[in-house]
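Coordinate analysis (summary)
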Amino acid sequence: IRRPPRSTPSNSSAASDVYKRQVIELAGGINAFDDLDGWKIVSYEELISKDPDIIIVNSGSGMGGGRNILYEWALKELSDLRAVKEGRVYVIDSDIIDRPSYRLVYALENISKWVEEWESSQPSEEKIEKKAPGFEIVLALLCLYVARKI
């Protein structure tokens, strides 16, 4: 088993059959790596070729003393990407996105806000075509209701 060098965090992406993709879609976004299956580590070149409008990284420092290492890495190493140039790299709390539970509603709220901010800055022909919400939105609303009662 080989570990990646410490200075280069792995770039894993939630692909087409992972719950995080559903959260992105419910928030009005399109996963840049929707063509992949499962969890994949994508290369720097693949990130460059996709040139995403928004980059979302998990919070966390590992043993880094409270710093958001992935955020700092993205700003430094991905500076050629549109999302970094336009200030659209966001940190999401790992506790609300990494554990499939009612907390995903909070992740949905954050991602929705970021997608809406991006959309409001785009010409009308660049806007994302919204999909009609399905069962997942009902589940998300139910989770929100339950979360507010807890």
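Residues numbered from 1 in each chain as written. Predicted model: local features only at pLDDT ≥ 70, side-chain atom pairs only at ≥ 80, totals over all residues. Heavy atoms only, no water.

Section: the overall build of the protein chain
- The number of helices and strands found in the protein chain is 7 helices and 4 strands.
- Along the chain direction, N to C, the helices and strands of the protein chain fall in the order β-α-β-α-β-α-α-β-α-α-α.
- Burial analysis of the protein chain (150 residues in total) assigns 33% to the buried set.
- At a minimum sequence separation of 6, the contacts of the protein chain that also span at least 24 residues come to 59%.
- Surface exposure of the protein chain reaches about 9,700 Å², of which carbon and sulfur atoms provide 54%. (Helix = DSSP H or I, 4+ residues; strand = E, 2+ residues; numbered from the N terminus. Buried < 20%, exposed > 50% of the residue type's maximum accessible area, 1.4 Å probe, protein only. Contact = heavy atoms within 4.5 Å. Areas by Shrake-Rupley, 256 points an atom, 1.4 Å probe, with all protein chains shown as cover.)

Things to note about helix α6 (residues 104-120)
- With 17 residues, α6 should cover 24 Å at 1.5 Å per step; its first-to-last C-alpha distance of 24 Å lies within 8% of that length.
- Turning to α6, its buried residues number three or more, namely L104, V105, A107, L108, I111, S112, W114, V115, W118 and E119. (Expected span 1.5 Å × (residues − 1).)

A word on the pattern of salt bridges
- This model, assessed by the stated rule, comprises 8 salt bridges.
- Residues R88 and E86 are paired through a salt bridge, measuring 4.0 Å at the closest nitrogen-oxygen approach.
- By relative accessible area, R88 is classed as buried at 12%.
- Overall, the relative accessible area of 42% leaves E86 in the partly exposed class.
- One network of salt bridges, in which partners are shared, links R21, E25 and D34. (Salt bridge = Lys/Arg side-chain N within 4 Å of Asp/Glu carboxyl O.)

Considerations on the environment of I55
- Tracing the chain through its elements places I55 in strand β3 (residues 55-58).
- Distance in space between the C-alpha atoms of I55 and L81 is 9.5 Å, their sequence separation being 26 residues.
- Ignoring sequence-local partners within four residues, the contact set of I55 consists of L78, L81, A83, V84, R88, V89 and Y90.

Side note on the nonpolar core
- I55, L78 and V84 are the most contacted members of the largest nonpolar core, which totals 13 residues.
- When residues of this core are traced back to their parent elements, those giving at least two are β3, α3 (69-77) and α4 (82-85).
- If we ignore the near neighbours within four places in the chain, the residues touching L78 are Y44, L47, I55, W73 and V84. (Core = buried A, V, L, I, M, F, W, Y, C linked by side-chain atoms within 4.5 Å.)

Let's talk about the environment of S49
- Structurally, S49 is set in helix α2 (residues 44-50).
- A relative accessible area of 59% places S49 in the exposed class.
- The sequence separation of S49 and L81 amounts to 32 residues, and the corresponding C-alpha distance is 9.3 Å.
- Of note is the side chain of S49, whose polar atom sits 2.9 Å from the backbone oxygen of E46. (Polar contact = N/O pair within 3.5 Å; in protein donor to acceptor, adjacent residues only side chain to side chain.)

Bear in mind that shape data such as this cannot, by itself, settle questions of function.
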